[in-house]
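Each chain is listed here by its residues.
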Amino acid sequence: LRLCKKNVLFIDARNRPPSLSKMMSSFMIQTTLILSVATAFSPSGLGHNRLLSPSTTTQLNVVDIAFAETVASAAALPAVFVGTGSFLLGKEDDEGEEEMESSGPEGEVDIYRDTALRYAGYANEVGEAFAPLVPSWCVPASYGIAITYVVADTVDKTRKALDGDKYSPKATLTCALIEGLDALIWQLAASVALPGYTIHQIVAITVALLNAAGLTGEIYDSIPTVIGLATIPFIVKPLDELAEVGMDVTLRKIWNPYLESCELNFD
């Protein structure tokens with residue numbers, strides 16, 4: 001208003017009134033500037049521009065941090081398991097590893113570990129990957145298949161130790177039971193517990209991220225399953241190695257000396 005008044009006085013002093021179009025243009029520019037400033041600093045303008053109050057921003061930050069912590073905690077153990085297994089696997093010499101894993105006589109094929117039957121041990125991982133798409137009973141059923149495979153392999157290793165001539169007759173039964181227990185614990189860890197938990201967490205994290213992003217529907221519902229299935233080939237060997245080394249530094253330190261003392265020497 002002061003600017004307008006000064007302009008009027010200035011015009012009167014010169015006694016040269018400007019044209020109507022210039023006066024209207026000047027008035028519109030000044031009015032626009034005033035309204036823009038007023039709108040920018042008014043409460044309604046702040047709301048219109050989506051600027052948040054400090055309390056609202058704090059609440060959103062707390063939610064974001066809590067969600068990030070939840071995702072990070074869910075991914076922590078699987079990352080440690082796979083990362084540790086990959087590190088241990090990288091230290092192993094391929095030829096030495098193959099010799100160590102060959103437990104049977106030369107040329108003998110272990111149907112539970114050297115054939116396609118080995119994939120039965122991964123049934124629970126597939127079940128965990130399909131968890132978002134299938135009825136709830138399918139996941140426990142997949143664990144039932146995997147555990148059946150584990151028990152069958154355990155019985156096989158125990159029977160071979162009983163029927164073989166590796167140990168002295170007096171210690172054969174005890175050593176066979178120890179070998180069966182060794183196979184049972186290793187298989188439960190390497191084929192069921194470690195990979196099943198890892199795939200479960202990966203699928204759960206993917207579902208949470210999709211829900212947080214508002215991505216739902218038939219197409220998006222299949223993404224966790226695809227990611228879970230695609231992850232399986234990358235975690236099998238690291239988790240097998242983790243279970244192997246874990247057994248070597250714990251339980252096998254207890255019973256391996258006994259097994260070695262009972263072995264027969266044919267040289």
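Residues numbered from 1 in each chain as written. Predicted model: local features only at pLDDT ≥ 70, side-chain atom pairs only at ≥ 80, totals over all residues. Heavy atoms only, no water.

Visitor: What exactly am I supposed to notice about the overall build of the chain here?
Guide: Helix and strand counts for the chain stand at 11 helices and zero strands. Reading the secondary structure of the chain in the N-to-C direction produces α-α-α-α-α-α-α-α-α-α-α. Taking all 267 residues of the chain together, the buried fraction comes to 28%. Accessible area of the chain: about 17700 Å², with a carbon and sulfur share of 66%. (Helix = DSSP H or I, 4+ residues; strand = E, 2+ residues; numbered from the N terminus. Buried < 20%, exposed > 50% of the residue type's maximum accessible area, 1.4 Å probe, protein only. Areas by Shrake-Rupley, 256 points an atom, 1.4 Å probe, with all protein chains shown as cover.)

Visitor: Help me out: how do you make sense of a nonpolar patch on the surface in this one?
Guide: A cluster of nonpolar residues, Val126, Phe130, Leu133 and Leu229, forms a patch on the protein surface that exposes about 290 Å² of accessible area. Looking at where leucine 229 falls in the secondary structure, it is placed in helix H10 (residues 223-248). For leucine 229, a relative accessible area of 32% translates into the label partly exposed. (Patch = residues over 30% accessible without salt bridge, like charges linked within 9 Å, V, L, I, M, F, W, Y side chains within 5 Å. Salt bridge = Lys/Arg side-chain N within 4 Å of Asp/Glu carboxyl O.)

Visitor: I'm lost on helix H7 (residues 138-163) in this one. Help?
Guide: Since there are 3.6 residues in each turn of an α-helix, residues three or four apart along the chain are aligned in direction. The first and last C-alpha atoms of H7 sit 38 Å apart over 26 residues, in line with the 38 Å expected at 1.5 Å per residue. Among the residues making up H7, those that are buried are Cys138, Val139, Ser142, Ala146, Tyr149, Val150, Asp153, Thr154, Asp156, Lys157, Thr158 and Ala161. The inward-facing, buried residues of H7 abut helix H6 (123-129) and helix H8 (172-212). (Expected span 1.5 Å × (residues − 1). Contact = heavy atoms within 4.5 Å.)

Visitor: It is not clear to me how the packing of H7 against H8 should be interpreted in this structure. Could you clarify?
Guide: The axes of two packed helices give the description: the angle between them and the distance between them. For the pair H7 and H8, the least separation of the axes is 8 Å and the interaxial angle reads 155 degrees. Our classification of the angle between H7 and H8 gives roughly antiparallel. Viewed along their axes, H7 and H8 form a crossing whose handedness is right-handed. Seen from H7, the contacting residues are Tyr143, Ala146, Tyr149, Val150, Asp153, Thr154, Lys157, Thr158, Ala161 and Leu162; seen from H8, they are Thr172, Leu173, Ala176, Glu179, Gly180, Ala183, Leu184, Gln187, Leu188, Ser191, Val192 and Gly196. The residue inventory of the contact of H7 with H8, partitioned by class, reads 12 nonpolar, seven polar and three charged. (Axes fitted to C-alpha atoms, helices over the stretch in contact; angles between N-to-C directions. Parallel < 35°, antiparallel > 145°, perpendicular 65-115°, else oblique. Left-handed = near helix turned anticlockwise from the far one by under 90°. Nonpolar A, V, L, I, M, F, W, Y, C, P; charged D, E, K, R; others polar.)

Visitor: What is the right way to look at the nonpolar core in this model?
Guide: Side chains of nonpolar character tend, in soluble globular proteins, to be buried together. Residues Cys175, Ile199, Leu239 and Leu259 are the most contacted members of the largest nonpolar core, which totals 23 residues. Those elements that place two or more of their residues in this core are helix H4 (54-91), H8, H10 and helix H11 (251-262). Setting aside residues up to four positions removed in sequence, leucine 239 forms contacts with Phe81, Val82, Ala190, Leu194, Pro195 and Thr198. In terms of nonpolar packing, the next biggest core, distinct from the first, is built from five residues, Tyr112, Ala146, Val150 and Val192 among them. (Core = buried A, V, L, I, M, F, W, Y, C linked by side-chain atoms within 4.5 Å.)

Visitor: Any chance you could explain the packing of aromatic side chains here in plain terms?
Guide: Aromatic rings in a pair are described by how distant their centres are and how their planes are angled relative to each other. By the definition in use, this model includes three aromatic pairs. On the numbers, 6.4 Å between centres and 65 degrees between planes, the contact of phenylalanine 81 with tyrosine 197 is edge-to-face. One end of the pair, phenylalanine 81, is in helix H4; the other, tyrosine 197, is in helix H8, with 116 residues separating them in the sequence. (Phe/Tyr/Trp six-rings, centres within 6.5 Å; stacked < 30°, edge-to-face > 60°.)

Visitor: How should the state of the cysteines be read in this particular structure?
Guide: Structurally, a disulfide amounts to a covalent bond that connects the sulfur atoms of two cysteines. Under the counting rule described, the total for this entry stands at zero disulfides. Among the cysteines around cysteine 262, which has no disulfide bond, cysteine 175 carries the closest sulfur, lying 3.8 Å off. (Disulfide = S-S within 2.5 Å.)

Visitor: Quick question: what am I supposed to make of the pattern of salt bridges here?
Guide: Where charged atoms from two side chains of opposite charge approach closely, those side chains can pair. If you walk through the whole model with that rule in mind, you get 12 salt bridges. A salt bridge links aspartate 156 to arginine 159; the shortest N-O distance between them is 3.0 Å. One end of the pair, aspartate 156, and the other, arginine 159, are both in helix H7, three residues apart, so they sit about a helical turn from each other. When its relative accessible area of 43% is taken as the criterion, arginine 159 is described as partly exposed. Put simply, arginine 252 and aspartate 182 hold a salt bridge, and the shortest N to O gap is 2.8 Å. With arginine 252 in helix H11 and aspartate 182 in helix H8, the pair connects residues that are 70 residues apart, well separated along the chain. Each member of the pair, arginine 252 as well as aspartate 182, is classed as buried. A cluster of three or more residues bridged by salt bridges with shared partners is formed by Asp110, Arg113, Asp153, Asp156, Lys157, Arg159, Lys160 and Asp163.

Visitor: Looking at this model, I keep getting lost on H10. Mind explaining?
Guide: With 26 residues, H10 should cover 38 Å at 1.5 Å per step; its first-to-last C-alpha distance of 38 Å lies within 8% of that length. Within H10, the axis deviates most sharply at isoleucine 235, by approximately 40 degrees, and proline proline 238 lies no more than four positions further along. (Bend = angle between axes of the 7 residues up to and from the residue.)

Visitor: What am I meant to see in the confidence of the model for the chain here?
Guide: Interpreting fine coordinate detail is not advised for predicted regions of low pLDDT. Averaged over all residues, the pLDDT of the chain equals 78, while 70% of them reach at least 70. The secondary-structure element of the chain with the lowest mean pLDDT is helix H3 (residues 43-48), recorded at 40, while H6 shows the highest, at 96. In this model, residues 1-16 is a region of pLDDT below 50 whose contacts with residues beyond four sequence positions or in other chains number six contacts. Residue range residues 32-52 is modelled with pLDDT below 50. Its contacts to residues more than four positions away, or to other chains, number six contacts. (pLDDT = per-residue confidence, 0-100.)

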